[in-house]
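For reference, the chains in residue letters:
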Amino acid sequence: MSVIKIILVEDEIPARDLIRSYLDDFPMIELIGEFDNGFDGLKAINEMKPDAVFLDVQMPKLTGFELLEVLEHDPEVIFTTAYDQFAIRAFEQNAVDYLLKPFSRERFGEALEKLESRIQSLKEVTNIDTGIERIKKH
Amino acid sequence: MSHTITGYRRSILIYTFVRLVISALQGFLFWYFLRFSLPVVIIDPLLSSLLFGFLGLLAWYPTRYIPFQKQSPLYSILAHVVAGLMVLTVWALVSVGLLEMIFSSRSEYMDFLAESILWRAILGGLVYLVLVLIYYLVSNSQKLQERAQKEERLKNLVRDTELNLLKSQINPHFLFNSLNSIASLTMSNPDEARDMIIRLSDFLRYSLKHRENEFLPLNEELGRMKDYLAIEKIRFGEKLQYVFNISAECGKFPVPTMIFQPLFENAIRHSVYESIDPVTLRFDCIPENDYMKTVISNDYDPKIPTKKGTGLGLQNVRQRIELAYQEKGLVQWNGTDGVFAVTILFPRIFAKL
């Protein structure tokens with residue numbers, strides 16, 4: 001299975017440290033960028049096209065939800081926030097998971113498992129789609 | 001409710017004075033028109049008037065215990081008539097009896113006394129009526145006064161409750177984010193994690209403990225606010241700078257507890273939470289005339305539209321200060337040139353309380 005590339009958008013230093021430290025247990029996840037505000041995060045996601053994003057909600061310049069609205073690239077999203085009232089909205093945006101701060105290493109691991117299986121199934125769907133396309137062409 | 005007359009020193013004096021004036025008047029009439037001798041002129045009015053004065057005081061009790069509005073008027077009137085007749089009978093019998101005993105040798109006075117009983121009774125009845133009316137008026141105004149006092153007490157109670165409600169509440173997200181930071185620091189920097197837990201505990205204990213409308217020295221209040229800022233600094237690092245400039249006179253000045261917390265929270269929310277660039281929070285305190293002036297200011301980006309919920313914290317602080325000091329205009333705020341400042345004037349008179 002190939003490496004999953006992720007970007008972290010989070011305005012608090014210790015919160016970024018925590019996620020980076022949790023990620024040590026998951027070698028197939030590659031952190032390709034960290035940003036402390038929604039605006040820089042948006043630019044980076046559009047340019048670097050990661051497979052997934054860890055997204056805080058309340059951030060300077062752009063909130064997590066505002067960022068998703070204007071995003072051109074469409075990565076998988078795991079929300080990380082201290083606010084529980086955005087959960088429904090997050091799943092309406094088809095989020096993979098919603099991590100309430102502070103969260104444990106185990107809970108973080110579950111989120112990454114969901115992410116892997118989501119990406120895996122999407123690939124299979126894409127493979128089936130391309131298979132069907134190929135059959136149609138013949 | 002105490003007796004309208006005997007309950008108050010001043011009323012007793014006035015009542016006695018009025019009775020003496022009436023006796024003097026009566027004595028003068030006896031002397032001028034009826035040409036009685038001096039002992040009669042002095043003793044008859046004094047005896048009957050003082051005795052009536054004592055019995056008249058008893059009329060207060062039916063007034064007190066037969067409330068006019070609650071019973072039917074006929075019942076009250078009847079009760080008063082019965083009570084009045086009893087008082088008058090006792091008064092007439094005792095006073096005339098005593099006078100007869102004292103002056104039994106003076107026959108012309110004895111004739112007069114026998115004739116005058118009816119007149120005395122009628123006059124006494126009128127005075128009794130006046131007394132009852134006065135009792136009703138006074139007890140009514142006493143009731144009004146008591147009601148006003150009760151209302152005042154109620155108002156104070158409402159005010160205290162309001163103050164407690166206005167007491168700032170710690171934003172739970174601040175708490176959760178701080179705990180998340182601690183979770184992170186336990187791995188990267190356990191010493192700092194411990195330090196942050198202690199600061200957070202001090203801050204929480206302070207905010208929980210001071211639920212009543214207490215006053216504490218400014219330095220103590222600011223100590224807890226510095227804990228709060230130190231926690232935020234761990235979260236946001238170099239992005240948050242703060243400067244405290246407190247004149248020596250300010251340190252011990254009493255301020256309402258947690259009064260600055262919503263202001264610092266606001267300052268943080270509109271600066272650090274919204275900005276990518278470093279921001280500076282300032283706290284200044286200087287004495288100014290009859291006030292201690294404190295100013296909390298923060299950098300902010302005027303281009304960012306203010307989010308909903310803004311202003312509520314400021315309004316709360318303004319209300320709390322106005323309720324605590326009963327003076328308007330003590331809390332002012334304005335935003336110019338990218339600096340938002342909240343000024344509070346604490347009346348210095350309160351420092352002596």
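This write-up is about the structure you can find in this document. (Residues numbered from 1 in each chain as written. Chains lettered and ligands numbered in written order. Predicted model: local features only at pLDDT ≥ 70, side-chain atom pairs only at ≥ 80, totals over all residues. Heavy atoms only, no water.)

## Some remarks on the state of the cysteines
Residue and element names in this part refer to chain B. Taken as a whole and assessed by the stated rule, the structure comprises one disulfide over all chains. A disulfide bridge connects C250 with C285, and the sulfur atoms are separated by 2.2 Å. Its S-S torsion of approximately -85° makes the covalent link between C250 and C285 left-handed. Of this pair, C250 sits in the loop between β2 (240-246) and β3 (254-256) while C285 sits in strand β4 (residues 279-288), placing them 35 residues apart in sequence. An identical accessibility class is assigned to C250 and C285; each is buried. (Disulfide = S-S within 2.5 Å. Helix = DSSP H or I, 4+ residues; strand = E, 2+ residues; numbered from the N terminus. Buried < 20%, exposed > 50% of the residue type's maximum accessible area, 1.4 Å probe, protein only.)

## Topic: the side chain of D44 of chain B
Residues and elements named next belong to chain B. Within the fold, D44 resides in helix α2 (residues 38-58). The class for D44 is buried, based on a relative accessible area of 0%. A distance of 2.6 Å separates polar atoms of two side chains, one belonging to D44 and the other to R120. When neighbours within four sequence positions are excluded, D44 is seen to be in contact with Q26, F30, P39, L99, Y109, L113 and R120. (Polar contact = N/O pair within 3.5 Å; in protein donor to acceptor, adjacent residues only side chain to side chain. Contact = heavy atoms within 4.5 Å.)

## Observations concerning a positive patch on the surface
The grouping of K143, R147, K150 and R153 of chain B at the surface amounts to a positive patch. The topology assignment puts K150 of chain B in helix α5 (residues 107-166). (Patch = residues over 30% accessible without salt bridge, like charges linked within 9 Å, V, L, I, M, F, W, Y side chains within 5 Å. Areas by Shrake-Rupley, 256 points an atom, 1.4 Å probe, with all protein chains shown as cover. Salt bridge = Lys/Arg side-chain N within 4 Å of Asp/Glu carboxyl O. Lys, Arg positive; Asp, Glu negative; His and termini not counted. Charge placed at Lys NZ, Arg CZ, Asp CG, Glu CD.)

## With respect to the packing of aromatic side chains
This model, assessed by the stated rule, comprises 35 aromatic pairs over all chains. Pairing Y22 of chain A with F108 of chain A gives two aromatic rings, centres 5.4 Å apart and planes at 45°, and the pair type is tilted. With Y22 of chain A in helix α1 (residues 13-23) and F108 of chain A in helix α5 (residues 105-137), this residue pair connects regions lying 86 residues apart in the sequence. Per residue, the accessibility class of Y22 of chain A equals that of F108 of chain A, and both read buried. Centre to centre, the rings of F91 of chain A and Y98 of chain A are 6.5 Å apart; their planes meet at 40°, and the pair counts as tilted. With a relative accessible area of 43%, F91 of chain A lands in the partly exposed category. Owing to a relative accessible area of 8%, Y98 of chain A belongs among the buried residues under this scheme. Here the aromatic cluster, defined as three or more aromatic residues joined through ring pairs, consists of F215, Y242, F244, F253, F260, F264, F283, Y325 and F346 of chain B. The cationic tip of K226 of chain B hangs over the ring face of F244 of chain B; the distance from NZ or CZ to the ring centre is 4.8 Å. Looking at R318 of chain B, its charged tip hangs above the ring of W333 of chain B, at a distance of 4.2 Å from the centre. (Phe/Tyr/Trp six-rings, centres within 6.5 Å; stacked < 30°, edge-to-face > 60°. Lys NZ or Arg CZ within 6 Å of the ring centre and 35° of its normal.)

## A closer look at unusual backbone geometry
Residues and elements named next belong to chain A. With an omega of -10°, the peptide bond running from K101 to P102 counts as cis. Relative to the helices and strands, P102 resides in the loop between β5 (97-100) and α5. Its identity as a non-glycine residue notwithstanding, N94 has a phi of 70°, on the positive side. Residue position: N94 is located in the loop between α4 (87-92) and β5. Given a relative accessible area of 52%, N94 falls into the exposed group.

## Observations regarding the interface of chain B and chain A
Contact with chain B, which involves 21 residues of that partner, is made by 23 residues of chain A. With both chains or domains summed, chain B and chain A bury close to 1,800 Å², and 57% of this area falls on carbon and sulfur atoms. The largest share of the area that chain B buries against chain A comes from H173, N180 and I276 of chain B, three residues that together contribute 31% of it. Run the count over chain B and chain A and you get one salt bridge. Taking the shortest distance from any N to any O, the salt bridge between E12 of chain A and R235 of chain B comes out at 2.6 Å. Where chain B touches chain A, the interface holds four residue pairs in polar contact (both at pLDDT 80 or more). Those elements that provide at least two residues to the side of chain B that touches chain A are α6 (172-188) and α8 (218-236) of chain B. Among the elements that make up the side of chain B that touches chain A, the one with the highest residue count is α6 of chain B (nine residues). Within the side of chain B that touches chain A, the residues separate by chemical class into nine nonpolar, seven polar and five charged. (Buried area = accessible area lost by both parts, 1.4 Å probe. Nonpolar A, V, L, I, M, F, W, Y, C, P; charged D, E, K, R; others polar.)

## Points about the sheet that holds strand β2 (residues 29-35) of chain A
Residues and elements named next belong to chain A. Strand order in the open sheet formed by five strands is β2-β1-β3-β4-β5, with parallel pairing between adjacent strands. Strands with a single pairing partner mark the edges of an open sheet, and in this sheet they are β2 and β5. Sheet twist, expressed as the average angle between the axes of neighbouring strands with direction ignored, equals 20°. Strand direction decides the pairing type here: strand β1 (residues 4-9) and strand β3 (residues 52-55), joined by four bridges, are parallel. Residue V9 lies in a different strand from β3, and its bridge partner there is L55. Against the sheet, α1 engages β1, β2, β3 and β4 (76-81), with an angle of about 170° to β2. (Pairing = 2+ DSSP bridges. Axes fitted to C-alpha atoms, helices over the stretch in contact; angles between N-to-C directions.)

## Focus: a nonpolar patch on the surface
Residues and elements named next belong to chain B. Residues L20, L38, I42, I43, L46, L50, V90, L93, V94, L98, M101 and I102 make up a contiguous nonpolar surface patch of roughly 1,000 Å² in combined accessible area. Tallying contributions element by element places helix α4 (residues 73-102) first for the nonpolar patch, with six residues. Looking at where L46 falls in the secondary structure, it is placed in helix α2.

## Brief notes about the sheet that holds β2 of chain B
Residues and elements named next belong to chain B. Across the sheet, which stays open at both edges, the five strands sit in the order β2-β4-β5-β7-β6 with mixed pairing between neighbours. The sheet is open, and its two borders are formed by β2 and β6 (331-336), each paired with just one other strand. Each strand axis lies, on average, 15° off the axis of its neighbour in the sheet, ignoring direction. Running at roughly 165° to β2, α8 makes contact with β2, β4 and β5 (291-299) of the sheet.

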